[in-house]
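Examining the three-dimensional arrangement
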Amino acid sequence: MRYGIFSDVHGNFPALQAVVKALAKESIDEYYCVGDVVGYGADPDECIRLIKELPAVCVAGNHDWAVVGRVDVEYFNSWAKSAVVWTREHLSQEGFDFLNQLDMIYENNTIALVHATLPHPEEFDYLSDINKVTAMFPLIPKNICFIGHTHVPEIFIQQPGRSVWCDTMSVQVDQAKKYIVNVGSVGQPRDGNPQAAYCIYDLDKNTMAIKRTRYDIHEAQKRILKAGLPPFLADRLSSGE
Ligand SMILES: [Fe+2]
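Each chain carries its own residue numbering, running from 1 in the direction its sequence is written. Note on the predicted model: pLDDT of at least 70 is required for a residue's local features to be given, and 80 or more for side-chain atom pairs to be given and counted; whole-chain, interface and lining totals, by contrast, use all residues. Only hydrogens and water are set aside when side-chain values are computed; all heavy atoms of the structure are taken into account.

Scanning the protein chain from terminus to terminus reveals 8 helices and 12 strands. Note that the radius of gyration is over C-alpha atoms, with the globule rule given as 2.2 Å times the number of residues to the power 0.38. Over its C-alpha atoms the protein chain spans a radius of gyration of 17 Å, differing by no more than 12% from the 18 Å that the globule rule assigns to 241 residues. Its C-alpha atoms put the protein chain at 50 × 35 × 30 Å along the principal axes. Counting every position in the protein chain, which comprises 241 residues, the buried fraction comes to 58%. Note on contacts: a residue pair is in contact if any heavy atoms of the two residues lie within 4.5 Å. Considering only intrachain contacts with a sequence separation of at least 6, the fraction spanning at least 24 residues in the protein chain is 71%. Distance between charge centres in the protein chain, computed from 22 positive and 31 negative side chains, equals 5 Å. Only DSSP runs of H or I with at least four residues qualify as helices, and only runs of E with at least two residues qualify as strands; both kinds are numbered from the N terminus onward. Partly exposed describes any residue whose relative accessible area lies between the buried limit of under 20% and the exposed limit of over 50%, with all areas from a 1.4 Å probe on protein chains only and scaled to the type maximum. For this count, His and the chain ends are skipped, Lys and Arg are scored as positive, and Asp and Glu as negative. Charge positions come from single atoms, namely NZ of Lys, CZ of Arg, CG of Asp or CD of Glu.

What follows is the structure, given as structure tokens:
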């Protein structure tokens, strides 16, 4: 059994298409999306349709819920706020209904998904330091919890007595340990690498790897500018910052 996990697509259809193409070569059995399907990018409906087609199990991100009015946009920065307003104005009813039915947390027998942090996923806090990671580990309902939100791929491992940050993008999974895996972002990476990120978890081989794929950044930028979204949202895709 192989899982393909991705997050923070943010309406970037060329990036999502590239990730889906890369995952199609990886014999994936089940797909998971850790939220923020929309916001920032110019193709929210196309991204939602492709996620439904896969199909991918999906949880809610702050942008998804902001678009449907379930999260206050007041704490969003001006670019994010403009993108939420634009997405609301352009999203189909079908797209709205998809976002509106997303839950905060998903779990099956082996993994959990939550966009941001526990115990209060609806606060959309950022898992920004190792103390927060240590505090979250006892709360994750399964040994492996996939997250997104920061747009920075990272793997954290709970060893006896302490949490550690893993300095590689692939690990051999030890079922006696716990893992929090930030799968990075498909549509707006912020770790200095503009390539789209995704993760593969092989449950039989116990391997986990975060991978990257090139996509047509220029096309995504053209669509953002044509849509009248803030030009900064197009510019930042080149640097992945
Ligand atoms: Fe995001």
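This brings us to the packing of helix α7 (residues 217–227) against helix α8 (residues 231–239). Packed helix pairs are specified by the crossing angle of their axes together with the interaxial distance, meaning the distance between the axes. Viewed as axis vectors pointing N to C, α7 and α8 meet at an angle of 175 degrees, and their least axial separation amounts to 8 Å. With respect to their mutual orientation, α7 and α8 come out roughly antiparallel. Within the contact between the two elements, α7 uses I217, A220, Q221, I224 and L225 and α8 uses P231, L233, A234, D235, L237 and S238. Residues of the contact of α7 with α8, tallied by class, amount to 8 nonpolar, 2 polar and 1 charged. Working convention: axes come from line fits to C-alpha atoms, limited for helices to the stretch in contact. Angles between N-to-C directions cover 0 to 180 degrees. By the definition adopted for this analysis, an angle is roughly parallel if under 35 degrees, roughly antiparallel if over 145, roughly perpendicular if from 65 to 115, and oblique otherwise. Here the nonpolar group is Ala, Val, Leu, Ile, Met, Phe, Trp, Tyr, Cys and Pro; Asp, Glu, Lys and Arg are the charged ones; every other residue, Gly included, is treated as polar.

When we look at burial in helix α5 (residues 93–100), the residues that qualify are G95, F98 and L99. End-on view of α5: buried residues confined to an arc of 95 degrees, all on one side of the axis. Those residues of α5 that are buried are in contact with α2 (44–53), β3 (56–58) and α3 (62–67). Directions drawn from the helix axis to the C-beta atoms are what define this arc.

So, about the coordination of the iron ion. Here the term donor refers to an N, O or S atom within 2.8 Å of the metal (or 3.2 Å for Na, K and Ca), and because water is left out of the atoms, sites may appear incomplete. Taken together, D8 (OD), H10 (NE2), D36 (OD) and H151 (NE2) make up the full set of protein donors to the iron ion, lying 2.0 to 2.3 Å away. One way to put it: the 4 donor atoms around the iron ion meet at angles of 85 to 177 degrees, and that makes the site irregular. In terms of primary sequence, the donors binding the iron ion are separated according to D-x1-H-x25-D-x114-H. Taken together, the residues D8 in the loop between β1 (2–6) and α1 (13–24) and D36 in the loop between β2 (30–33) and α2 connect sequence positions 28 residues apart. You'll find D8 and D36 in the same group, each marked buried. Every geometry call rests on angle ranges, with four donors termed tetrahedral when all angles are between 85 and 135 degrees, four termed square planar and six termed octahedral when opposite donors are over 155 degrees apart and all others are between 65 and 115, and everything else termed irregular.

With respect to burial, strand β11 (residues 196–202) is a largely interior element, 7 of its 7 residues being buried. What you see with β11 is no split at all: A196, Y198, I200 and D202 on one side and A197, C199 and Y201 on the other are buried throughout. For two strands to be treated as a pair, DSSP must find at least two bridges joining them. By the bridge criterion, 4 bridges tie β1 to β11 in an arrangement that is antiparallel. When the sheet's bridge partners are listed, R2 is paired in β11 with D202.

All right, on to the environment of V133 then. Among the structural elements, V133 can be located in helix α6 (residues 130–136). Accessibility expressed as a relative area gives 0% for V133, which makes it buried. Sequence-distant contacts of V133, that is, excluding residues within four places in its chain, are made with L127, F156, S163 and I180.

Time to look at the pattern of salt bridges. If the charged atoms of two oppositely charged side chains come close together, the side chains can form a pair. In the sections that follow, a salt bridge refers to a side-chain nitrogen of Lys or Arg positioned within 4 Å of a carboxyl oxygen of Asp or Glu. Scanning the model with the defined rule gives 11 salt bridges in all. One salt bridge connects D191 with R212, and the closest N-O pair in it is separated by 2.7 Å. Of the two residues, D191 is situated in the loop between β10 (178–182) and β11 and R212 in strand β12 (residues 207–213); the sequence distance between them amounts to 21 residues. With its nearest N and O atoms 3.5 Å apart, the salt bridge here joins E219 to K222. In this pair, E219 and K222 are both assigned in helix α7, 3 residues apart and thus about one turn of the helix distant. Looking at K222, the relative accessible area reads 47%, which means it is partly exposed. Counted as one network, the salt bridges with shared partners bring together R2, E26, D202 and K211.

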